[in-house]
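Architecture at a glance
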Amino acid sequence: KKRIFEDRYKQAFLEADALFLYKPYNAAAMKKKEVFHGKQVISSMRHLKGKAHFYEDVDKLLFHAKHFLKPGDVGIVMSCRGFDGFREKLTASLDR
């Protein structure tokens, strides 16, 4: 959720086939200059050619992720918090 990690994330995501980022948890409680800028990370992922998106609504993220993922794909959810129930919702929707 902190801006200090942006460059590391950009490097880590270079090999990704797609990228879906969600707003940082409790960003309003942080100094604006310290908050992770997901939209900037997404804009730097030009090699993904339209397969990189930033979401502020967990249901929109869930909708797009479950329609993007196909059987056999590997998806990684990185979060130190509950992520508004995203992981559980995604797992349940893919099990159907």
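Throughout this description, residue numbers start from 1 for each chain and increase along the sequence as written. Restriction of local features to residues with pLDDT of at least 70 applies here, the model being predicted, together with a cutoff of 80 or more for giving and counting side-chain atom pairs; totals for whole chains, interfaces and linings are based on all residues. Working from all heavy atoms in the structure, the side-chain values ignore hydrogens and water.

Brief notes about the pairing of strand 2 (residues 52-55)
Two strands pair under a simple rule: DSSP has to find at least two bridges between them. For the purposes of this entry, the term helix denotes a DSSP run of H or I that reaches at least four residues, the term strand denotes a run of E that reaches at least two, and both are numbered from the N terminus. As paired elements, strand 1 (residues 19-22) and strand 2 share four bridges and run parallel to each other. Pairing of Tyr22 across the sheet is with Tyr55, part of strand 2. The handedness of a crossover follows from its direction of travel: if, with the strands pointing away from the viewer, the path from the first strand over the helix to the second runs clockwise, the crossover is right-handed. Handedness of the crossover is the feature at issue here: the chain leaves strand 1, passes through helix 2 (residues 38-43), returns alongside strand 2, and the resulting connection is right-handed.

A short note on the confidence of the model for the protein chain
Parts of the prediction with low pLDDT should not have their coordinates interpreted in detail. Per-residue confidence from the prediction method is given by pLDDT, with values spanning 0 to 100. Summing up the model confidence of the protein chain, the mean pLDDT is 85 and the portion of residues at 70 or higher is 97%. Of all helices and strands in the protein chain, the one with the weakest mean pLDDT is helix 4 (residues 86-95) (85), whereas strand 2 scores best (92).

Focus: helix 3 (residues 58-68)
We call a residue buried when its accessible area falls under 20% of the maximum for its residue type, exposed when it is over 50%, and partly exposed in between, using a 1.4 Å probe and counting protein chains only. Within helix 3, burial applies to Val58, Leu61, Leu62 and Ala65. Looking straight down helix 3, one finds that the buried residues subtend no more than 100 degrees of arc, so they occupy a single side. Contact definition: two residues touch when any of their heavy atoms are within 4.5 Å. In the core, the buried residues of helix 3 are packed alongside strand 1, strand 2 and helix 4. Put simply, Asp57 is the residue that caps the front of helix 3, since its side-chain oxygen is 2.8 Å from the backbone nitrogen of Asp59. The directions considered for the arc run from the helix axis to the C-beta atoms. Pairing of N or O atoms within 3.5 Å defines a polar contact, subject to two protein rules: one partner must be a possible hydrogen donor and the other a possible acceptor, and residues neighboring in sequence count only if both atoms are side-chain atoms.

Observations regarding helix 4
Of the positions making up helix 4, those classed as buried are Phe86, Leu90 and Ser93. Buried residues along helix 4 cover an arc of 70 degrees about the axis, so they all sit on one side. Buried residues in helix 4 make contact with helix 3.

Comments concerning the nonpolar core
Grouping buried Ala, Val, Leu, Ile, Met, Phe, Trp, Tyr and Cys residues that are joined through side-chain atoms within 4.5 Å yields what is termed a nonpolar core. By size, the foremost hydrophobic cluster in this structure holds 10 residues: Phe13, Leu19, Leu21, Phe36, Val41, Ile42, Met45, Leu48, Ala52 and Phe54. Sorting the residues of this core by element identifies strand 1, helix 2 and strand 2 as the ones contributing at least two each. Excluding anything up to four places from it in sequence, Phe13 contacts Leu19, Leu21, Val41, Met45, His47 and Met78. Membership of the second largest hydrophobic core comes to nine residues, among which are Val58, Leu62, Phe83 and Leu90.

Description of the environment of Ser43
Looking at the element boundaries, Ser43 is found in helix 2. Given a relative accessible area of 44%, Ser43 falls into the partly exposed group. For the pair Ser43 and Ala27, spaced 16 residues apart in sequence, the C-alpha separation works out to 20 Å.

Considering the packing of helix 3 against helix 4
For any two helices packed against each other, one specifies the inter-axial angle together with the distance between the axes. Structural elements are reduced to axes, namely lines fitted to C-alpha atoms, with helices fitted over the stretch in contact, and the angle between N-to-C directions of any two is expressed from 0 to 180 degrees. Relative orientation of the contacting elements helix 3 and helix 4 amounts to 35 degrees, with a least axis distance of 10 Å. Crossing of helix 3 against helix 4: the hand is right-handed. Contacts between helix 3 and helix 4 pair Val58, Asp59, Leu61, Leu62, Ala65 and Lys66 from the former with Phe86, Lys89, Leu90, Ser93 and Leu94 from the latter. Residues belonging to the contact of helix 3 with helix 4 are distributed by class as follows: seven nonpolar, one polar and three charged. Crossing handedness is read from the near helix: turned anticlockwise from the far helix by less than a right angle, it gives a left-handed crossing, and turned clockwise, a right-handed one. Residue polarity follows a fixed list, in which Ala, Val, Leu, Ile, Met, Phe, Trp, Tyr, Cys and Pro are nonpolar, Asp, Glu, Lys and Arg are charged, and the others, Gly among them, are polar.

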